[in-house]
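So the chains spell out like this:
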Amino acid sequence: MRSAILPVAAIQPKPKNISMIQAATIGVRYITAWLSLIEAANLQPGETILVVGATGGVGKAAIQIAKWKGAKVLGTVRRESDYPIVETSGVDIVINLATENLNSAVLAATGGKGVDVVLDTVGGSMLENSMWTLGHRGRLVAISAPPKEAKVSFDLRDFYHWELRLFGVDSQTFNVT
């Protein structure tokens, strides 16, 4: 039998409403997705969410949480070969960034309204592109910034006229070492 030594800060009681098996499968990906959608964006049933980077671990976890919450989910892929990965995870509409314009595809999928929430797991230039898929009072959650694209710019007038909100969730703060 193997043992592990952990700092006290790394240990939390298991919630009573989940099994030991369920608790064992929860990792940083699900915690990041939960904090992004539930804590930061306050995703509500019936809202529409765009998951940018739907093929990644946090993206797939976010899709499951959003579907559980009763949201309509749009997810992006970069290659045709990624479609099956995203479709089987429960996405309602898949947007292929290699062949479709993100903003046009989102507006078509939402009847011109835009999405209520964007979870951007990619960062960089995708943040600005994602921001303009939001409807009035939409919320964008960013969890990543590629080293070469850590700075972004956008029209602040459009940002405040649309009453948009931008949240950051840093999963690196979950590290207890």
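Remember, it's a predicted structure, so these values are computed and weren't measured experimentally.

Reading the values: the criteria
- Residues numbered from 1 in each chain as written.
- Predicted model: local features only at pLDDT ≥ 70, side-chain atom pairs only at ≥ 80, totals over all residues.
- Heavy atoms only, no water.
- Buried < 20%, exposed > 50% of the residue type's maximum accessible area, 1.4 Å probe, protein only.
- Helix = DSSP H or I, 4+ residues; strand = E, 2+ residues; numbered from the N terminus.
- Arc of directions from axis to C-beta.
- Contact = heavy atoms within 4.5 Å.
- Polar contact = N/O pair within 3.5 Å; in protein donor to acceptor, adjacent residues only side chain to side chain.
- Pairing = 2+ DSSP bridges.
- Right-handed = clockwise from strand over helix to strand, strands pointing away.
- Phe/Tyr/Trp six-rings, centres within 6.5 Å; stacked < 30°, edge-to-face > 60°.
- Axes fitted to C-alpha atoms, helices over the stretch in contact; angles between N-to-C directions.
- Parallel < 35°, antiparallel > 145°, perpendicular 65-115°, else oblique.
- Left-handed = near helix turned anticlockwise from the far one by under 90°.

Peer 1: Before we go on, may I ask you to explain helix α5 (residues 102-109) in this structure?
Peer 2: Owing to its 3.6 residues per turn, the α-helix brings residues three or four apart onto one side. Within α5 the residues assigned to the buried category are Leu 102, Ala 105, Val 106 and Ala 109. Taken down its axis, α5 places every buried residue within 95 degrees of arc, on the same side. Buried-residue contacts for α5 involve β1 (48-52), β2 (72-77), β3 (93-96), β4 (115-120) and α6 (125-131). Sitting at the head of α5, Asn 101 places a side-chain oxygen 3.1 Å from the backbone nitrogen of Asn 103.

Peer 1: What's the story with the pairing of strand β5 (residues 134-142) in this structure? I'm lost.
Peer 2: Consecutive side chains along a regular strand alternate between the two faces of the sheet. The element β5 is extensively covered by neighbouring structure, given that seven of its nine residues are classed as buried. By the bridge criterion, five bridges tie β4 to β5 in an arrangement that is parallel. Within β5, the residue paired with Val 115 across the bridge is Leu 134. Tracing the backbone out of β4, into α6 and back to the parallel element β5 gives a crossover that is right-handed. Bridge count between β5 and strand β6 (residues 165-168): four bridges; the pairing is parallel. Bridged to Leu 140 within β6 is Leu 166.

Peer 1: I tried to follow the environment of Ala 142 on my own but got confused; where do I start?
Peer 2: Tracing the sequence through the fold places Ala 142 in strand β5. Among the residues examined, Ala 142 registers a relative accessible area of 17% and is labelled buried. Residues Ala 142 and Val 91 lie 51 residues apart in sequence; the distance between their C-alpha atoms is 20 Å. When neighbours within four sequence positions are excluded, Ala 142 is seen to be in contact with Asp 120, Leu 127, Phe 167, Gly 168 and Val 169.

Peer 1: Looking at this model, I keep getting lost on the packing of aromatic side chains. Mind explaining?
Peer 2: Both the distance between ring centres and the angle between the ring planes are used here to describe each pair of aromatic rings. Counted according to the given criterion, the structure contains two aromatic pairs. Ring geometry for Trp 34 against Trp 68: centres 5.7 Å apart, planes inclined by 40 degrees, an arrangement best described as tilted. Here the residue Trp 34 occupies a position in helix α2 (residues 28-40), and Trp 68 occupies one in helix α3 (residues 57-69), the gap between them amounting to 34 residues. On the basis of relative accessible area, Trp 68 is assigned to the exposed category, the value being 58%. On the numbers, 5.3 Å between centres and 45 degrees between planes, the contact of Phe 154 with Phe 159 is tilted. Taking the relative accessible area as the measure of exposure, Phe 159 reaches 16% and is therefore buried.

Peer 1: Is there a simple way to think about the packing of α2 against α3 in this case?
Peer 2: A pair of packed helices is captured by two measures, namely the crossing angle of their axes and the spacing between those axes. Following both chains from N to C, one finds α2 and α3 inclined at 50 degrees, their axes separated by 8 Å at the closest point. Looking at the two axes, α2 sits oblique to α3. Considering how the two elements wind past one another, α2 and α3 form a crossing that is right-handed. Within the contact between the two elements, α2 uses Arg 29, Tyr 30, Thr 32, Ala 33, Trp 34, Leu 37 and Ile 38 and α3 uses Gly 57, Val 58, Ala 61, Ala 62, Gln 64, Ile 65, Ala 66, Trp 68 and Lys 69.

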